[in-house]
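# Observations on the three-dimensional arrangement
Chain residues, written in single-letter form:
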Amino acid sequence: MADTVIKSPVRWLAANPIWGFIVLIFVFFSFANPYFFALQNFQNILVQTSTIGLIALGMTLVMINGNIDLSVGAVVALAASLCVDIQGWPMFADWGNWAIAPGVIAALIAGTALGALNGFIVWKTGVDAFIVTLGAMLGVRGLVFVYTKEQSFFAMNFAFSDFGSSSMGPLPTLAVLFLVCTVAVYFLLARTVHGRNTYAVGGNRSAAVNAGIRVGPHMLINFMIVGFFAALAGVTLSSQMGAATPNLGTNYELWVITSVVLGGTKLNGGAGTIIGTLGGVLAIGILRNGMNLMQVPAFYVLVILGTILIAVLLLDKQLNRKGKEELRL
C-alpha cells in the first residue's frame, strides 16, 4: 500500500513532466533573485499568464482534434477594440456601468462567430486548418486596422479598468476567472461525451466517422470554443490596460501554441490534457517573469523559450520512436 502511495506521484510526474520542470525553474529563480519569491510577484505571474492561458484552454481542444488556430491573436485585437469602442457609444451614455455589457457581449459574439467561420470552412472544404486560420489571421488583423483606423481606443468608464486590477481575496480577479475556466474545460474534456469524442477524432478520424461521430460539427464547436476564449482574453487584456490597440495580441498564437505543446499536447492530435496545458502556461509565465527580474534582454528570452520548445519536441519524438525510427544523436 505504502509502495503504491509512493509510486503514484512518481507516475503522475512521469506522465506530466512539465510540472517537474516548473518545480526546477521555481527553485532556481527563488535562489537567483530575491524579488521572485514574493506574494505580489506570484500575483503578477498569475495575471500575466491569464490572457495566454484562456486562449490555451480552447487551443488544447482544437489541437487534440488534430487542428490548429493561428487567428487567435487577431481575434484578441478585434474583441478588445469592439469591447472598448462600443461601451463608449453615445446611445449607451445613460447606461452607467451597464454600458460595459454591450461591448463585452459584442466582443464575445464576434470571437465565437469567427471561430465558427474557421470551423465551418475547415469542415466543408477539407482545407487544412493551418491554411484556413492563417488566412483568417491576416484578414481579421486587417479588419482591426480598418475598424480602428489605426488608432487606439481608451476606456472612459473607470469601472471597466477597475475590474482588470481588482482582487478576490489574495487572488487577482483575472486569475480567478482563468482558474474557473480551467476547471470548466477540464471537466468538459475529461468527463463529457464531447471530450471523449475530441480524443477520438484527433486519434483516428476515419475510425471516429465509422463510430458514428459527426466529425465536422464536432470540430466546428471546438473552433467556436477557442474563438470565444480568444475574445474573452481580448476583453480581460483591454480591461487590464484600460485601452485597446490595433496591434494587441500580436504573436499570441505562437505563445499559446508553445504553451500547449510544452504541456504535452501532440501537434498531430489525439493526446493532451488541460492539466498539462496549465503547466505549460505557468512554465512560460514563470520563465518570462524570472528572466525579466534578472534583467535578461527580451530577445534572449525568446531565444531561450524557442530552444526549450525545440528540445521538448525532439525529446517527445525520441521517446515515441522505437527501433529503426529512433533518432540518432
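For the structure, see preceding data.
Each value, and the rule that gives it
- Residues numbered from 1 in each chain as written.
- Predicted model: local features only at pLDDT ≥ 70, side-chain atom pairs only at ≥ 80, totals over all residues.
- Heavy atoms only, no water.
- Helix = DSSP H or I, 4+ residues; strand = E, 2+ residues; numbered from the N terminus.
- Rg over C-alpha atoms; globule rule 2.2 N^0.38 Å.
- Buried < 20%, exposed > 50% of the residue type's maximum accessible area, 1.4 Å probe, protein only.
- Contact = heavy atoms within 4.5 Å.
- Areas by Shrake-Rupley, 256 points an atom, 1.4 Å probe, with all protein chains shown as cover.
- Lys, Arg positive; Asp, Glu negative; His and termini not counted.
- Charge placed at Lys NZ, Arg CZ, Asp CG, Glu CD.
- Axes fitted to C-alpha atoms, helices over the stretch in contact; angles between N-to-C directions.
- Parallel < 35°, antiparallel > 145°, perpendicular 65-115°, else oblique.
- Nonpolar A, V, L, I, M, F, W, Y, C, P; charged D, E, K, R; others polar.
- Polar contact = N/O pair within 3.5 Å; in protein donor to acceptor, adjacent residues only side chain to side chain.
- Phe/Tyr/Trp six-rings, centres within 6.5 Å; stacked < 30°, edge-to-face > 60°.
- Lys NZ or Arg CZ within 6 Å of the ring centre and 35° of its normal.
- Core = buried A, V, L, I, M, F, W, Y, C linked by side-chain atoms within 4.5 Å.
- Patch = residues over 30% accessible without salt bridge, like charges linked within 9 Å, V, L, I, M, F, W, Y side chains within 5 Å.
- Salt bridge = Lys/Arg side-chain N within 4 Å of Asp/Glu carboxyl O.
- Expected span 1.5 Å × (residues − 1).

## Considering the overall build of the chain
- Looking only at helices and strands, the chain features 14 helices and four strands.
- Taken against the 2.2 N^0.38 rule, which gives 20 Å for 329 residues, the C-alpha radius of gyration of the chain at 21 Å falls within 12% of a compact globule.
- C-alpha extents for the chain along the principal axes are approximately 70 × 55 × 40 Å.
- Burial status across the chain gives 48% buried among its 329 residues.
- Sequence separation of 24 or more characterises 78% of the internal contacts of the chain that already satisfy a separation of 6 or more.
- For the chain, the accessible area works out to roughly 16700 Å², and carbon and sulfur atoms hold 69% of it.
- For the chain, the centre of its 16 positive side-chain charges and the centre of its 11 negative side-chain charges are spaced 14 Å apart.

## Structural notes on the packing of helix 3 (residues 39-64) against helix 11 (residues 215-241)
- Interhelical geometry of helix 3 versus helix 11 gives an angle of 170 degrees and a closest axis separation of 7 Å. Put simply, helix 3 runs roughly antiparallel to helix 11. On the side of helix 3, the interface is formed by Val47, Ser50, Thr51, Leu54, Ile55, Leu57, Gly58, Met59, Leu61 and Val62, while helix 11 contributes Asn222, Phe223, Ile225, Val226, Phe229, Ala230, Leu232, Ala233, Thr236, Leu237 and Gln240.
- In the contact of helix 3 with helix 11, the residues fall into 15 nonpolar, six polar and no charged.

## Considerations on the side chain of Thr198
- Along the chain, the position of Thr198 falls in helix 9 (residues 193-203).
- Polar contacts involving the side chain of Thr198 include one to the side chain of His218, which spans 3.2 Å.
- The contact partners of Thr198, leaving out residues within four places of it in the chain, are Leu61, Ile64, Asn65, Leu189, His218 and Asn222.

## A look at the packing of aromatic side chains
- Tallied over the full model, the rule gives 13 aromatic pairs.
- With 5.9 Å between their ring centres and 70 degrees between their planes, Phe26 and Phe37 make a pair best called edge-to-face. Placement of the pair is Phe26 in helix 2 (residues 17-32) and Phe37 in the loop between helix 2 and helix 3, with a sequence separation of 11 residues.
- A relative accessible area of 55% means that Phe37 is categorised as exposed.
- Grouping aromatic residues by their ring pairs yields a cluster made of Phe26, Phe28, Phe29, Phe36, Phe37 and Phe42.
- Cation over ring: Lys124 sits above Trp123, and NZ or CZ is 4.2 Å from the ring centre.
- Over the ring of Trp255 we find Arg288, and its NZ or CZ is 4.1 Å from the ring centre.

## Quick word on the nonpolar core
- The biggest cluster of nonpolar side chains holds 89 residues, and the ones touching the most others in it are Ile55, Met59 and Phe229.
- Apart from residues no more than four positions distant in its own chain, Ile55 is found in contact with Val72, Val76, Val226, Phe229, Ala230, Ala233, Tyr252 and Val256.

## A word on a nonpolar patch on the surface
- A cluster of nonpolar residues, Trp12, Leu13, Val183, Tyr186, Phe187 and Ile275, forms a patch on the protein surface that exposes about 520 Å² of accessible area.
- Secondary-structure elements contributing two or more residues to the nonpolar patch are helix 1 (2-15) and helix 8 (173-191).
- Of the residues forming the nonpolar patch, the biggest block, three residues, is contributed by helix 8.
- The residue Leu13 is located in helix 1 in this model.

## Description of the environment of Tyr186
- Tracing the sequence through the fold places Tyr186 in helix 8.
- Between the C-alpha atoms of Tyr186 and Leu57, which are 129 residues apart in sequence, the distance is 8.7 Å.
- Filtering out sequence-adjacent residues up to four positions away, Tyr186 remains in contact with Arg191, Ile274 and Ile275.

## Let's talk about the packing of helix 8 against helix 13 (residues 274-293)
- It is at 9 Å that the axes of helix 8 and helix 13 come closest, and there the two elements cross at 150 degrees. With respect to their mutual orientation, helix 8 and helix 13 come out roughly antiparallel. On the side of helix 8, the interface is formed by Phe178, Thr182, Val185, Tyr186 and Leu189, while helix 13 contributes Ile274, Ile275, Leu278 and Val281.
- Its residues assigned to classes, the contact of helix 8 with helix 13 shows eight nonpolar, one polar and no charged.

## Some remarks on helix 5 (residues 100-125)
- Look at helix 5: 38 Å from first C-alpha to last across 26 residues, which is about the 38 Å you get at 1.5 Å a residue.
- Positioned one or two residues after helix 5, Gly126 has a phi angle of 75 degrees, which is positive.

Shape descriptors only; they carry no functional weight alone.
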